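Listed below are the residues making up each chain.
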Amino acid sequence: MENVANSPKTPSAIAFMKMHGAGNDFVIIDSRGRDAVVTAKLAQALGDRHRGTGFDQLAEIRDSQTADFALDFWNSDGSRAEACGNATRCVANYMMHDLGRDALTLITKRGLLRAARQTDGRVSVNMGHPQLDWSEIPLSHATDTLHLPLAGDPTAVGIGNPHCVFFVADADSIDLAALGPGLEHHPLFPQRTNVEWAQLIAPDHLRMRVWERGAGITLACGSGTCATVVAAHLRGLTGRAVTVEADGGTLHVDWRDDGVWLTGPTAHIFDGTLTPAFLAAL
Ligand SMILES: N[C@@H](CCC[C@H](N)C(=O)O)C(=O)O
């Protein structure tokens, strides 16, 4: 991918939107009708909460031949992500307003996804079928993904991106900053992993906290919420339709025959422009 600062095609200023879904916050750049402008360097610089805008993920909207639009994701450390449920819901809502529709399709590294606005204004996305085989998640070697060979007996689930889900008695007592980095970089996960700690409240209700790969502690994680409900159901703790309380808000997951549906609130907070000086300094 070309470097923003060095590309002759790079706009001298780049417009962006700031959005969040249950406190999981995003910068969105709409690159429909032009070449992509986001690079790892731009994501890293912009993700700095003091010298940039700060965000958990940066998403770039692209033209697509096969869906209403395409979406690429970067974490705040500059790494790419295959999936981001909450950013997908936020962008889908913006695009549904833009296109005057209540439903649409989009393409991510995860594949073709469907999104729809509910009558109460919440936005749902079908995140596809979960990956349960060690090689798909991926793990570094063949092992039982329902009971990983790690202290705390977590479950691994792929939602296009890797997740490691622990079931604990009290999610609020977990020191995310102390445990997250070691698990994210554990050799069992060759592409690193997102980590969730979930507490059972009822068979249709969980409390969940998260350490995100490439972003650290975040207030919610859509794909992590999907992975948690899949893991909880497979371990016999919950049904397939579960409300999940994250630190930043409430999300709902329904694991249906056509895939895992994630539903929740979205918010468009403000719009801004990256200045020529910021872009030139990259
Ligand atoms: N916030 C996300 C997940 C973002 C990507 C993740 N950090 C990764 O690297 O896989 C969500 O809402 O799904």
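Small disclaimer: the values here were computed from a predicted structure and weren't measured.

Caption draft 1: Expanded view of the UniProt feature "active site" (unreviewed entry) in the protein chain. The UniProt feature table records "active site" (unreviewed entry) at Cys-84 and Cys-221. These annotated residues cover 138 residues of sequence, and their C-alpha atoms lie no more than 7.7 Å from one another, placing them together at a single site. The residue Cys-84 is located in the loop between strand E5 (80-81) and helix H2 (85-99) in this model. Those residues in contact with Cys-84, other than ones at most four positions away along the chain, are Gln-57, Ala-59, Phe-73, Gly-222 and Ser-223. The contact partners of Cys-221, leaving out residues within four places of it in the chain, are Asn-24, Asn-194, Val-210 and Glu-212.

Caption draft 2: Up close: the pairing of strand E11 (residues 194-202). Pairing between strand E10 (residues 162-167) and E11: five bridges, direction parallel. When the bridges of E11 are listed, His-163 appears paired with Asn-194. Regarding topology, helix H3 (residues 176-184) serves as the crossover connection from E10 to the parallel E11, and that connection is right-handed. Across seven bridges, E11 lies against strand E12 (residues 205-212) in antiparallel orientation. Each bridged residue has a counterpart across the sheet, and for Val-195 the counterpart in E12 is Trp-211. Connecting the antiparallel pair E11 and E12 is a turn made up of two residues.

Caption draft 3: Quick look at helix H1 (residues 40-47). Those residues of H1 that fall on the buried side of the exposure criterion are Leu-42, Ala-43, Leu-46 and Gly-47. For H1, the buried positions fall inside an angular range of 120 degrees around the axis, keeping them on one side. Where H1 is buried, its residues meet strand E2 (24-30), strand E3 (57-62) and strand E4 (69-75).

Calculation criteria
- Residues numbered from 1 in each chain as written.
- Predicted model: local features only at pLDDT ≥ 70, side-chain atom pairs only at ≥ 80, totals over all residues.
- UniProt positions renumbered as here; feature names shortened; annotations may be inferred.
- Helix = DSSP H or I, 4+ residues; strand = E, 2+ residues; numbered from the N terminus.
- Contact = placed C-beta atoms within 7 Å.
- Pairing = 2+ DSSP bridges.
- Right-handed = clockwise from strand over helix to strand, strands pointing away.
- Buried ≥ 20, exposed ≤ 12 C-beta atoms within 10 Å, placed from the backbone.
- Arc of directions from axis to C-beta.

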